[in-house]
Amino acid sequence: MFEAAQIVRVDPGPAAGGGTAVVVASRILVDDARPPLAMHSVARSLEALTPWAESLVAPGEAAEHWLVLSALDAPAPAAALDGLARESAGLRLLVDAGPGEGEAPAGSLEEAMLAGAAPLPFVAVRLRELAGLAAGEAPVTPPIACHLAADWIAAGRPVRLLAVDGTGLAGAAALEGAALALRESVGHVPLAVLTRLGALTGETGLAALRARHARLNGDVLAAIAADPAAAAAFRAAGCALLRPVRKVDGPAPWSEEAFVTELGRYGAERAWMGAQITRSRRTFETLRSLRTRETCLIVGNGGSLAEADPALFAEHDVICSNFAFNSPLLARHARILTVTNALVAEQGAAGFNASAIPYKVAPVWLAGVLHEEAGFSFVNATGEAAFFADDPANKISWSSTVSFFNLQLAYALGYRRALLVGFDHAYVQPEESQLGDVLDQTGDDPNHFDALYFKKRRWQAADTAAMEAVYRLAREAYAADRRDVLNLSPSSRLTVFDRHPPDEPLPPLLSESAAFAAPAVGFGAGAGEEDEAALEAREALAASGFACGEARISDTLSSENYSHVVCALTDVRAKRRSWSYIYLKLQSFNGEIYLELRQSDFVPSGFTPWPIPDADTWGPFLRAPLATPERAAHALEHFAGGLGVEDRDAFERLVEAVPGLMRAAFAREDGGGEIWAPGLAALEASRNVETTAAT
């Protein structure tokens, strides 16, 4: 997501309540001098913006001018800019948190913010206040404005929230509102905001936010765990701090599976691990069935990647790894993000969890810092042995390099060809370094497509000979099934795979998938075959704020006393929430039908936190009885009553759409939905039942 920067001149006006704002100039927050794949940091962005601002504003007029950052497709409204005339120096988060489309409750700005009505903020800072800001140099994902605000707050500078209607918040209330606004934008609450909030309130700060507002990422969890008082307060607020994976000094207990890595031993709960493997296998099956291309692009992150044609990433399904997600261009096109190195995961946990890349895959033993609610699928991965996996969820090797892991994943998803780009296969490192040695990169990174990649981070030495050994395993596996791997990296030293010039047409595939066909779009029978009733149903859902790419039956089970059917929904948008896919399950226990929704079956991230306590080995769930409309309505309202405003709206739109989506999915399978018809009818009728929300 790119951002727009505006220079705004503010004239206070004759009265204290007056004032107007005039946009002097605007530009896109992209530095043309850097390659399209370049990573962004707050420091880099200010380096580009400061000379631009100085060329437009005389030094003596800096106090009357503001730098305003906003989304490219959602510039700050004029009313909010006019409000800057009433503001003193400092940083402002301009938030549209008042009532709108019936989504936010009427009342004060503070009430609206606490209810969750905090769309993407616009960040405004007076130009003269930019001097001396200790801007972060670490790569960050857009919106840059939110990270600028976090750096500002971490430095102890004041922040104020300003709504379009002129109301504002300061002090602790402004910081809590800032946390909500930034969480909505970057996917988690920045630790800097929580820390500053604690310093201002005199509390630990980490417990100051209500549980429903904090999407906890790895760095926040680590800080909480290090502070006993904060940990106790968070547990009292209902936030779970225990992760299913932990570091162990010796052999893990019988209830845990032990993993040995180059950075120590990890223990993973066996029951949780089994559930994750099942979930990941289902995710891979869905990705395989919905695949619309025979060729994927695996990104290697080497220096030559900066020279790649940006169009290449739009033409293929992209699998990237590690810190590649910090490139806005790669993040926009990547379909899958993988992480297999503990050192990388621990240093970049916040960014990995917040990344909007739809599918993420990592070994189970990284679940201590990478979270399933952030969209991660966990697999049983090992680096101790090199083998080419036929079932990557159950057992896969990442020996020597994450790229070997990615080649196996691409194979399992059915791609007939893997293209390699950015595979330089050469590293600047001390000659005495051996595979796995931990190195400190104090200066610019010479080995990757951006100098910020490992700058001021630790990384592990590479062994190109060991890499070539596992690459040969991949080449043999692809060749045995008449598939191929082509290296498009122009300056690569990797000779295991056939080279191909990136600017020349690709040769014909060696073979095609046996039953390859583009999936039908929507929840009708197929593209061009949607009848008038289905089209009207789709349009009605869209008008209510719901859209779905496809509904497909993905699993069925039938026994004497129990049966179920699973429906996979793809590209779901419900009001302001969106998911790459959702799994719905209809169950029948001794003839009584239930609708089951699980937090782990929403990707990325279901409703967090889950508003009811029901949970089992596979995590939190909702199981709504569909025997009668009244019972269904009571269970659904009990669940919805614990959600915030936006989540409740999204949940209601989803439930409203389920009957039609399920019927359409059954129609695609040429029937099979008869036994579920009474339950779906009860679910449909439950919308007309008046209930009282549970307290």
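Quick notes on the rules
Residues numbered from 1 in each chain as written. Predicted model: local features only at pLDDT ≥ 70, side-chain atom pairs only at ≥ 80, totals over all residues. Heavy atoms only, no water. Helix = DSSP H or I, 4+ residues; strand = E, 2+ residues; numbered from the N terminus. Buried < 20%, exposed > 50% of the residue type's maximum accessible area, 1.4 Å probe, protein only. Contact = heavy atoms within 4.5 Å. Areas by Shrake-Rupley, 256 points an atom, 1.4 Å probe, with all protein chains shown as cover. Pairing = 2+ DSSP bridges. Axes fitted to C-alpha atoms, helices over the stretch in contact; angles between N-to-C directions. Polar contact = N/O pair within 3.5 Å; in protein donor to acceptor, adjacent residues only side chain to side chain. Parallel < 35°, antiparallel > 145°, perpendicular 65-115°, else oblique. Left-handed = near helix turned anticlockwise from the far one by under 90°. Nonpolar A, V, L, I, M, F, W, Y, C, P; charged D, E, K, R; others polar. Core = buried A, V, L, I, M, F, W, Y, C linked by side-chain atoms within 4.5 Å.

This next bit is on the overall build of the protein chain. In terms of regular secondary structure, the protein chain is built from 19 helices and 30 strands. Scored against the burial criterion, the 695 residues of the protein chain give a buried share of 53%. Residue pairs at least 24 apart in sequence account for 62% of intrachain contacts in the protein chain once pairs closer than 6 positions are excluded. Accessible surface for the protein chain amounts to roughly 28,300 Å². Of this, 51% is attributable to carbon and sulfur atoms.

Right, let's get into the pairing of strand β4 (residues 91-95). Where burial is concerned, most of β4 is hidden: 5 out of the 5 residues are buried. Burial along β4 is two-sided: the face carrying Leu 91, Leu 93 and Val 95 and the face carrying Arg 92 and Leu 94 are both buried. Bridge analysis of β4 against strand β5 (residues 122-126) gives 4 bridges, and the strand direction is antiparallel. Bridge assignment links Leu 94 to a residue of β5, and that residue is Phe 122. The pairing of β4 with strand β6 (residues 159-163) spans 5 bridges and is parallel. Opposite Leu 91, over in β6, you have Val 159 as the bridge partner.

Here the focus is the sheet that holds strand β10 (residues 264-269). Within the open sheet, the 3 strands sit side by side as β8-β10-β9. Their pairing is antiparallel. Looking at the sheet topology across the chains shown, the edges are occupied by β8 (245-248) and β9 (256-261). Going across the sheet, the axis of each strand differs from the next one's by a mean of 30°, ignoring polarity. Two strands pair when backbone bridges link them, and β8 and β10 are joined in this way by 4 bridges, in the antiparallel orientation.

A word on helix α14 (residues 402-412). Across the 11 residues that make up α14, a large majority, 11, are buried. Listed in full, the buried residues belonging to α14 are Val 402, Ser 403, Phe 404, Phe 405, Asn 406, Leu 407, Gln 408, Leu 409, Ala 410, Tyr 411 and Ala 412. Looking one or two places after α14, you find Gly 414, whose phi comes out positive at around 95°.

Right, let's talk about the side chain of Ser 513 for a bit. Among the secondary structure elements, Ser 513 is positioned in the loop between β22 (498-499) and α16 (532-543). A polar contact of 3.1 Å, which involves the side chain of Ser 513, links it to the side chain of Arg 291. There is a polar contact of 2.8 Å between the side chain of Ser 513 and the side chain of Glu 294.

Its place among the elements puts Tyr 427 in the loop between β18 (417-421) and β19 (438-441). Residues Tyr 427 and Ala 462, 35 residues apart in the sequence, show an inter-C-alpha distance of 7.3 Å. Other than its neighbours up to four places away in sequence, Tyr 427 contacts Asn 447, Ala 462, Thr 464 and Met 467.

Before going further, it helps to spend a moment on the packing of helix α18 (residues 645-668) against helix α19 (residues 677-685). When two helices pack together, you describe them by how their axes are tilted relative to each other and by the distance separating the axes. Remark: α18 packs on α19, axes separated minimally by 8 Å, with the N-to-C direction vectors making an angle of 155°. As judged from the angle between their axes, α18 and α19 are roughly antiparallel. Note on packing geometry: the crossing formed by α18 with α19 is left-handed. Counted together, Val 655, Val 658, Pro 659, Met 662, Arg 663 and Phe 666 of α18 and Leu 680, Ala 681, Leu 683 and Glu 684 of α19 form the full contact between these two elements. For the contact of α18 with α19, the per-class residue count stands at 8 nonpolar, no polar and 2 charged.

What follows is about the packing of helix α17 (residues 629-640) against α18. Between α17 and α18, whose axes approach to 10 Å, the crossing angle comes to 155°. Overall, the two elements α17 and α18 adopt an arrangement that is roughly antiparallel. As α17 runs across α18, the sense of the crossing is right-handed. Mapping the contact onto sequence places Leu 636, Glu 637, Phe 639 and Ala 640 in α17 and Arg 648, Phe 651 and Val 655 in α18. In terms of residue class, the contact of α17 with α18 is made up of 5 nonpolar, no polar and 2 charged.

The biggest cluster of nonpolar side chains holds 90 residues, and the ones touching the most others in it are Phe 313, Leu 370 and Leu 407. Tallying contributions element by element places α14 first for this core, with 6 residues. In contact with Phe 313, other than residues within four places in its own chain, are Leu 37, Leu 297, Val 299, Leu 305, Ala 308, Val 318, Leu 329, Leu 330, His 333 and Val 421. Residues Ile 553, Val 565, Phe 602 and Phe 639 belong to the second largest nonpolar core, which totals 42 residues.

What follows concerns the side chain of Ser 489. Note on placement: Ser 489 falls in the loop between β21 (484-487) and β22. A relative accessible area of 1% places Ser 489 in the buried class. Once residues lying within four places of it in the same chain are set aside, the contact partners of Ser 489 are Ser 304, Leu 420, Val 421, Gly 422, Phe 423 and Arg 499.

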